Amino acid sequence: MKKVVLFFTFLLLGTSGAFAQSSKYDLNGDGNVNVTDVIELVDYILGNRHEAIDLGLPSGTKWASCNVGATRPEEYGGYYAWGETEEKDIYNDSTYKYYQNGDYVNIGTDISGTEYDVAHVKWGDKWCMPTSDDFTELIDNCTSELTTYNGVNGCKFTSKINGNSIFLPATGNRLDGDLNIPGELGDYLSSTQVSTQPSFVYFFYFYSGHTHWSVNIRHSGQSVRPIVRN
């Protein structure tokens, strides 16, 4: 591993400087090609880096190329209850970390970027869960198409602005010990709680040729597709 890092450090930061100044190697988007970019490039080669896809959205928000717990677009990744950062075998109120004494614990109405945000915890500072507004922006500025990618059913979102796209696999969801209709239903958690119903959160789903907004109980297990804010 050290040899790989040293090789790419020499390659990107070599004495000529010309290669190092190429913006396409600025992987972390800070305007410079530096050691951080070397680390991200090595992670990418090893399959550990999660690409941020620019869809040309008005806010500048970029969407991850895969789900939390996955390394490729078609992989399902993990299932997470709202505010929890680890998977488990059973998803109900009795196993939910933030259900105590017959009520749901208040951890905020928007957990994006907090200690309760699984994308932020698992992937690092620049990544976070999308809010309900982020999903709305995605839907408003992209076309959606149910399709198959590498043999996996899901939904492709293609930007109306620059033509770039992301693929969300039809992961289903988890409740109690069951995985519900994977391969048909795509269930994606937002960071936003329903203000009038603290036991429910907003999520986005696609099923039977349609894309919809809805709300779901906080303790169900759902997929998470991270974003990077501008």
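In this text, all values refer to a predicted model and were calculated from it rather than measured experimentally. (Residues numbered from 1 in each chain as written. Predicted model: local features only at pLDDT ≥ 70, side-chain atom pairs only at ≥ 80, totals over all residues. Heavy atoms only, no water.)

Peer 1: Would you mind showing me how to read the nonpolar core here?
Peer 2: Side chains of a nonpolar character, in soluble globular proteins, are inclined to be buried together. Ranked by size, the top nonpolar core spans 24 residues in total, and within it V68, W82, M129 and V224 carry the most contacts. It is helix α3 (residues 118-123) that provides the largest number of residues to this core, a total of 3 residues. W63, L138, F157 and Y188 belong to the second largest nonpolar core, which has 17 residues in total. (Core = buried A, V, L, I, M, F, W, Y, C linked by side-chain atoms within 4.5 Å. Buried < 20%, exposed > 50% of the residue type's maximum accessible area, 1.4 Å probe, protein only. Helix = DSSP H or I, 4+ residues; strand = E, 2+ residues; numbered from the N terminus.)

Peer 1: I tried to follow the pairing of strand β13 (residues 210-217) on my own but got confused; where do I start?
Peer 2: Successive residues of a regular strand alternate their side chains across the two faces of the sheet. In terms of strand pairing, strand β12 (residues 200-207) meets β13 through 8 bridges, oriented antiparallel. By the bridge assignment, V201 is partnered in β13 with N216. In this antiparallel pair of consecutive strands, β12 and β13, the connection spans 2 residues, and S208 shows a positive phi of 55°. (Pairing = 2+ DSSP bridges.)

Peer 1: Which parts of the structure should I look at to understand the confidence of the model for the protein chain?
Peer 2: Chain-level statistics for the protein chain give a pLDDT mean of 86 and a share of 79% at 70 or above. Note that residues 1-10 has pLDDT below 50 and, in this model, 11 contacts with residues that lie over four places away or in other chains. Between residues 15-24, whose pLDDT stays under 50, and residues either more than four places distant or in other chains, the model counts 7 contacts. (pLDDT = per-residue confidence, 0-100. Contact = heavy atoms within 4.5 Å.)

Peer 1: Please explain the pairing of strand β7 (residues 152-159) as it appears in this structure.
Peer 2: Here strand β6 (residues 142-149) runs beside β7; their pairing, made up of 8 bridges, is antiparallel. Each residue of the ladder has a partner; that of S144, found in β7, is F157. Connecting β6 to the next strand, β7, in antiparallel fashion are 2 residues, including N150 with a positive phi near 50°. In this structure, β7 lies alongside strand β8 (residues 165-169), joined through 5 bridges in antiparallel fashion. Within β8, the position partnered with G154 by the bridge is P169. Here β7 folds back onto β8, and the loop between the two strands holds 5 residues, one of which, G163, carries a positive phi near 80°.

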